[in-house]
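Listed below, chain by chain, are the residues.
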Amino acid sequence: MSGIEILAIVLGGLTVGSALMVVASPHPVRSVLFLILTFFLITGNYVLMNAQFLAIVNIIVYTGAVMVLFLFVLMFLNLSKDNEPRSSMKMKVAATVAGGALMIVIIAALKDVIMLPIDLPVDNQQGLVENLGMLLFTKYVLPFEVSSILFISAMVGAVLLAKREKQIID
Amino acid sequence: MILGTIFESGISVQFYIVLSTILFAIGVIGVIVRRNAIIVLMSIELMLNSVNLLLVAFSTYFGQGDAQIFVFFIMVVAAAEATIGLSILVLLYRNNRSVDIELFNKLKG
């Protein structure tokens, strides 16, 4: 086993472990912190696959913006362990069995997929900023511009939803 | 570049299929088990990330950049979804003083 192989397996194991802790940890804030750890480990996987642009974007967008938003809302609402709603034991067992069955079905279906050997030479520099930028601003320039409309509508929607109802009525 | 050749170093793309399937299943379990609506949203983020991981794995395996552009767009949509979802939850909390996911049963009327 080469060093990079061991690194990939350790990273994968840590990712699964911290993702489990997100679901299992009873305290919501701890759960958010474990999700941030999971995103960092997934970023490690991206670096391992030479997707450097996505690794940086993952850190900036997910751990930098989205998770801070989650943490902010969680602390803003002042949810603690005491008023955390709990689901029954029956529900937990049923959910674990359902999720496990889904996992087994997908893995069993994909396990024996025969990956055809690739004839063309694989370019392992695709994840770099220059190559992705060329692709983003030529082939995918229309979806890129449309996503700005999505963002502005999301922003207007969020502001409108979070506004006090009294002010809307006045 | 040594790092780009991870699939030539013995790690097969099946490893990433299994890894992202496990992460997706954990996300599904989280959505069903947890009753705190914020944690449910976080589990959805986890599921989106597992799909991203698989897309990047196949993108690297085939040496095509298109899948990584798709991951970029998934991140855009996930960020928009998180803001809207959280503002709906703040609204729910303001009316009910709780973020129990069961409160959404009221929508049945």
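Residues numbered from 1 in each chain as written. Chains lettered and ligands numbered in written order. Predicted model: local features only at pLDDT ≥ 70, side-chain atom pairs only at ≥ 80, totals over all residues. Heavy atoms only, no water.

Enquirer: Explanation requested: the side chain of Ser31(A) in the structure shown.
Expert: Looking at the element boundaries, Ser31(A) is found in helix H2 (residues 28-48). Residues within four places of Ser31(A) in sequence aside, it is in contact with Val22(A), Ser25(A), Arg34(B), Ile39(B) and Met42(B). (Helix = DSSP H or I, 4+ residues; strand = E, 2+ residues; numbered from the N terminus. Contact = heavy atoms within 4.5 Å.)

Enquirer: I tried to follow the interface of chain B and chain A on my own but got confused; where do I start?
Expert: Interfaces are often sized by the amount of accessible area the parts lose when they come together. Counting residues at the interface gives 75 residues for chain B and 89 residues for chain A. Buried surface at the junction of chain B and chain A, summed over both partners, amounts to about 7,300 Å²; 76% is from carbon and sulfur atoms. Our count for the chain B to chain A interface comes out at 1 salt bridge. A salt bridge links Asp66(B) to Lys139(A), with the nearest nitrogen and oxygen atoms 2.8 Å apart. Going through the elements one at a time, helix H1 (13-33), helix H2 (37-62) and helix H3 (66-96) of chain B are the ones with two or more residues in the side of chain B that touches chain A. Looking at which element gives the most residues to the side of chain B that touches chain A, the answer is H3(B), with 24 residues. In terms of residue class, the side of chain B that touches chain A is built from 51 nonpolar, 18 polar and 6 charged. (Buried area = accessible area lost by both parts, 1.4 Å probe. Salt bridge = Lys/Arg side-chain N within 4 Å of Asp/Glu carboxyl O. Nonpolar A, V, L, I, M, F, W, Y, C, P; charged D, E, K, R; others polar.)

Enquirer: Could you clarify how one ought to interpret the environment of Phe24(B) in this entry?
Expert: Tracing the backbone through its elements, the reader meets Phe24(B) in helix H1. Along the chain, Phe24(B) and Gln68(B) lie 44 residues apart, while their C-alpha atoms are 19 Å from each other. In this structure, Phe24(B) is in contact with Leu102(A), Met47(B), Ser50(B) and Val51(B), ignoring residues within four places of it in sequence.

Enquirer: Sorry, what's going on with the packing of aromatic side chains here?
Expert: Here the distance between the centres and the angle between the planes together describe a pair of aromatic rings. One pass over the full model with this rule turns up 9 aromatic pairs over all chains. For the pair Phe72(A) and Phe76(A), a centre-to-centre distance of 6.0 Å together with 10° between the ring planes defines the contact as stacked. Within this pair, Phe72(A) and its partner Phe76(A) are both found in helix H3 (residues 52-76), separated by 4 residues, close to a single helical turn. Each of the two residues, Phe72(A) as well as Phe76(A), counts as exposed. An aromatic cluster of at least three residues, connected via ring pairs, comprises Phe53(A), Phe72(B) and Phe73(B). (Phe/Tyr/Trp six-rings, centres within 6.5 Å; stacked < 30°, edge-to-face > 60°. Buried < 20%, exposed > 50% of the residue type's maximum accessible area, 1.4 Å probe, protein only.)

Enquirer: Explain the layout of surface pockets here, please?
Expert: Over the atoms rolls a probe the size of a water molecule, and in doing so it shows where empty space is left. As a volume, the largest pocket reaches approximately 260 Å³. Lining the largest pocket we find 14 residues, and of these Leu69(A), Ala158(A), Ala162(A), Thr83(B) and Ser87(B) sit closest to its centre. For the lining of the largest pocket, the secondary structure elements donating two or more residues are H3 and helix H6 (141-162) of chain A together with H3 of chain B. Partitioned by chemical class, the residues of the lining of the largest pocket number 11 nonpolar, 2 polar and 1 charged. (1 Å grid on protein atoms, 1.4 Å probe; cavity = no way out; pocket = protein on both sides within 12 Å on 5 of 7 lines; lining within 4 Å. Points joined across faces, edges and corners; volume = space filled by probe spheres on them.)

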